[in-house]
Amino acid sequence: MSRLSRLIAGCAGITVAVFGVLDARTLDDGVPPEGSITPAVALIPAGIALLAQVVPVPHDPSTRARSVTASRIRPVTASRIRPVTATRVRSVVAALLALTAAGLAAATIGDQPAAALAACLSGLALACLDLRLHRSGGAAAFRIADPLLLGAAIIALVALVPRLFAPTFPPGRGPDSVMTLPQAGALLLLTVGAILARPETGPLRTEDPSLPRTAVRRLAPALLATPIVAALVSAFVVRTRIGRPAAAVSIGVILAALTLLALLAYLVRTLDQADRRHRHLVAELRDREDFARTLLQSMNEAVMVLDANYHVIDVNRRWRELTGNPDDVQRDPPPLPPPGTGGGDWSIPRADGTAVPVLATMAAIPDAAGATRGYVATCVDIAERKHAEEALSEHAADLERGNAQLAAALAFKNDLTSMLTHDVAQPISSIASLAELLCADWADLPDDIRLELATKIDKNTRRLVKMMNDLQLLFRLDTGAVTTRRAPVPLLEVVRTVSSTMPGGDDVEITIDEDLTALADRGHLTVVVENLLKNALAHGAPPIAVRAGREESGVLLTVQDSGAGIPEDVLPGIFGRFIRGAGLGLFIVRHLVEANGGSVRYEHARPQGARLLVTLEPAPA
């Protein structure tokens, strides 16, 4: 439809220009003298200007590319400076031609006022064809060319009325003295062509809700038809000789004036109703906007509204409190989750450089066509929930540690109970039975038997005392009450002293340099050597070899026996608290060595036997 209307407008422009050329070359009684110009001359540039307004221009991709590049490099400057295109050049040329037509018409206004005024209005309308007046709110009111075209059309129609009264004109003064028929037809054709040149912005459009277009479309034909109807009534009166021509013309003019007044009153009433509806709609829109803003600001969640280019439009009060920005909204938003997905736990930076944990979501706002016109981001502060989760996790960890300690304590109790019922009960039972036998048969027993029984009681008693001392040391190690006082200790002296006081110490082979010293607590080192030798003598087989020397890792003390070694199934817990039949020796050894900054480990001896290796820190020279 737009192409067809522009095609008709172009044909109208060509026709008007041809009429102007033909009418300017025709000399008639109503034409000014030779040497002067007529209003028909103005129709030539006016027709060409109308044709220029509808001539299509080729697409210029280079100009568009330059425009796009400029808009990307300098977005602010590109938005203010409009690029020069072929369309703008065409509009400027058409405007110059239209102004030329208006100037030529104005120059002949003294000879033929009606034709000159109509041609001048048509030229100005063509020059202002793309200009529109705007209201304060930014909505388009109307096009400037519309009233100019309406005035030119009314003048052309009124100029045709005298032709109905040709018999009443004085001799020598015909209807052509007002406006020639080609001029009137050309002006009407020019008006129609100008309206069809821009159907999307002229009186034919229906998309603009700012004006009562229905009323305008109804009144425009009535306004144009009023002079014709009045002229027809007057002509009918004259032709039927009901009244004189002057009275007939007066009656027609009065009827036309009354009709125009009625139409104008209807138009004013329609405009008033439209204005009231417009104000009501504006007030309703303002109330909705205030309600939406109040709703946005009263939400407990932090909300940010963005446009399609991720530029911040508005935020609510909670967002300012959450981010610590009480001033205006920042232009660029913080990092947010992708649209259409629940972001889950997120982090929003604050103005002071810290970050606040939030539960974030990002949703797209579609328009009527389904395209994205903006986004809305919602964030819920979960800092308190995070603190509660951390506190709960810490409490759960404390419970797990407590459960582990409780389980360890329970295992310790079970092991201790097992040890007491086995290892401790055996010497106590032996002491009790030997003492009972000694007391019951004291008089009948010879002295050597009495001595043997007393010796066994003493041996079991010492064994029980040693076990109680080990338990006491075990409790101190378990509670961390053992302290170390490290000093240079000669290893050869400690090993000789321990082996000399131990039964079976004669089977111990000692290979240690006299000047070899270790940095350790002397009492702790004595207990370590004593437990290692007892373990080798009790569970291994002679000969027992004790060696020591310097290595890269420190001073290495080795105790090796020639027995069967430790079974594989026992090795994982060899340095544990309790091993059935082994007592607390190796557990105490491990803790005392580690308390002195060393380490202990087990190796299989070759070809057989068990080897325990203790690494200590060497004493400074």
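Here, the structure is the one placed above.
Residues numbered from 1 in each chain as written. Predicted model: local features only at pLDDT ≥ 70, side-chain atom pairs only at ≥ 80, totals over all residues. Heavy atoms only, no water.

Participant: Can you explain the overall build of the protein? Please cite residues and give values.
Facilitator: Tallying secondary structure elements over the protein gives 16 helices and 14 strands in all. Within the protein, the fraction of its 621 residues that count as buried is 35%. A separation threshold of at least 6 residues defines the contact pool for the protein, and within that pool the share at least 24 residues apart is 62%. As presented, the protein carries roughly 35,900 Å² of accessible surface, and 61% of it is formed by carbon and sulfur atoms. (Helix = DSSP H or I, 4+ residues; strand = E, 2+ residues; numbered from the N terminus. Buried < 20%, exposed > 50% of the residue type's maximum accessible area, 1.4 Å probe, protein only. Contact = heavy atoms within 4.5 Å. Areas by Shrake-Rupley, 256 points an atom, 1.4 Å probe, with all protein chains shown as cover.)

Participant: Give me helix α2 (residues 40-54): which residues, what numbers.
Facilitator: Compared with the 21 Å implied by 1.5 Å per residue over 15 residues, the 22 Å span of α2 between its first and last C-alpha is a close match. With 11 of 15 residues buried, α2 lies mostly within the body of the structure. Listing the buried residues of α2 in full gives A40, A42, L43, P45, A46, G47, A49, L50, A52, Q53 and V54. (Expected span 1.5 Å × (residues − 1).)

Participant: Would you mind going over the packing of aromatic side chains in detail, with residue names and values included?
Facilitator: Counted under the stated rule, the structure contains one aromatic pair. For the cation-ring pair, R450 lies above W442, with the distance from its terminal atom to the ring centre recorded as 4.3 Å. (Phe/Tyr/Trp six-rings, centres within 6.5 Å; stacked < 30°, edge-to-face > 60°. Lys NZ or Arg CZ within 6 Å of the ring centre and 35° of its normal.)

Participant: Tell me what's going on with the sheet that holds strand β11 (residues 544-551), and back it up with residues and numbers.
Facilitator: The sheet built from five strands is open, its strands ordered β9-β11-β12-β14-β13 with mixed pairing. Bordering the open sheet on either side are β9 (508-511) and β13 (599-604), each of which pairs with just one other strand. Going from strand to strand, the sheet's axes swing by 20° on average, the running direction of each strand aside. Note: β13 against strand β14 (residues 610-616), six bridges, orientation antiparallel. What sits directly across from E603, in β14, is R611. (Pairing = 2+ DSSP bridges. Axes fitted to C-alpha atoms, helices over the stretch in contact; angles between N-to-C directions.)

Participant: Could you give an account of unusual backbone geometry, with specific residues and numbers?
Facilitator: Backbone torsion omega between P542 and P543 reads 0°, so that peptide bond is classified as cis. Looking at the element boundaries, P543 is found in the loop between α15 (522-539) and β11. Omega for the peptide link from R606 to P607 comes to 10°, which places this bond in the cis form. One can find P607 in the loop between β13 and β14. You will see that Y310, though not glycine, has its phi angle at about 60°, which is positive. Structurally, the position occupied by Y310 is in the loop between β3 (302-307) and β4 (312-315).

Participant: Which residues make up the pairing of β4, and what values do they have?
Facilitator: Across three bridges, β3 lies against β4 in antiparallel orientation. In the strand pairing of β4, L306 is matched with V312. As consecutive antiparallel partners, β3 and β4 are separated by four residues, and within that stretch Y310 has a phi angle of approximately 60°, a positive value.

Participant: Kindly report on the nonpolar core, identifying the contributing residues and their values.
Facilitator: Across soluble globular proteins, nonpolar side chains have a tendency to be buried as a group. Counting residues in hydrophobic clusters, the biggest one holds 43 residues, and the most contacted among them are L491, I512, V529, L532, L533 and V546. Counting residues per element, the ones that place at least two in this core are α13 (447-479), α14 (491-500), α15, β11, β12 (554-560), α16 (585-595), β13 and β14. Counting 35 residues, the second largest nonpolar core, distinct from the first, contains A115, A145, A152 and L187. (Core = buried A, V, L, I, M, F, W, Y, C linked by side-chain atoms within 4.5 Å.)

Participant: Before we move on, could you go through the pairing of strand β7 (residues 372-381) and cite the residues and values that matter?
Facilitator: As paired elements, β3 and β7 share six bridges and run antiparallel to each other. When the bridges of β7 are listed, V305 appears paired with V376. As defined by bridge partners, strand β6 (residues 355-366) adjoins β7 across nine bridges and the pair is classed as antiparallel. Looking at β7, one finds that I365 is bridged to G374. The hairpin turn running from β6 into β7, its antiparallel successor, is five residues long, and G370 in that turn takes a positive phi close to 95°.

Participant: Provide a residue-level description of the packing of α14 against α15, including the pertinent values.
Facilitator: Running from N to C, α14 and α15 point in directions that differ by 50°, and their axes come no closer than 9 Å. Overall, the two elements α14 and α15 adopt an arrangement that is oblique. Read as a crossing pair, α14 and α15 show a hand that is right-handed. Mapping the contact onto sequence places L491, E493, V494, V495, V498 and S499 in α14 and R522, L525, T526, V529, E530 and L533 in α15. Of the residues belonging to the contact of α14 with α15, the class tally is seven nonpolar, two polar and three charged. (Parallel < 35°, antiparallel > 145°, perpendicular 65-115°, else oblique. Left-handed = near helix turned anticlockwise from the far one by under 90°. Nonpolar A, V, L, I, M, F, W, Y, C, P; charged D, E, K, R; others polar.)

Participant: Pulling in residues and values, what's your account of the side chain of Q53?
Facilitator: By the secondary structure assignment, Q53 is in helix α2. From its side chain, Q53 meets the backbone oxygen of L126 in a polar contact 3.5 Å long. (Polar contact = N/O pair within 3.5 Å; in protein donor to acceptor, adjacent residues only side chain to side chain.)

Participant: Quick rundown of the side chain of N531? Include the residues and the values.
Facilitator: Tracing the sequence through the fold places N531 in helix α15. Those residues in contact with N531 that sit more than four places away from it in its chain are K466, G585 and V589.

Participant: Describe in detail the environment of F19, supporting the description with residues and values.
Facilitator: By the element assignment, F19 lies in helix α1 (residues 2-25). Sequence separation between F19 and P182 is 163 residues; the distance between their C-alpha atoms is 6.6 Å. With residues near it in sequence (within four places) discarded, F19 still touches P182 and A186.

Participant: Describe α16, listing the residues and the values that go with them.
Facilitator: Side chains of residues three or four places apart in an α-helix project in the same direction, reflecting 3.6 residues per turn. Within α16, the full set of buried residues consists of G585, L586, F587, I588, V589, L592 and V593. With its phi angle positive at about 80°, G597 sits one or two positions after the end of α16.

Participant: Before we move on, could you go through the packing of α2 against helix α5 (residues 86-107) and cite the residues and values that matter?
Facilitator: Between α2 and α5, the shortest axis-to-axis distance is 8 Å and the interhelical angle comes to 165°. By the criterion of interaxial angle, the relationship of α2 to α5 is roughly antiparallel. In the crossing of α2 with α5, the sense of the turn from one axis to the other is left-handed. Listed contacts from α5 to V41, A42, P45, A46, I48, A49, A52, Q53 and V54 of α2 are R90, A94, L97, A98, A101, L104 and A105.

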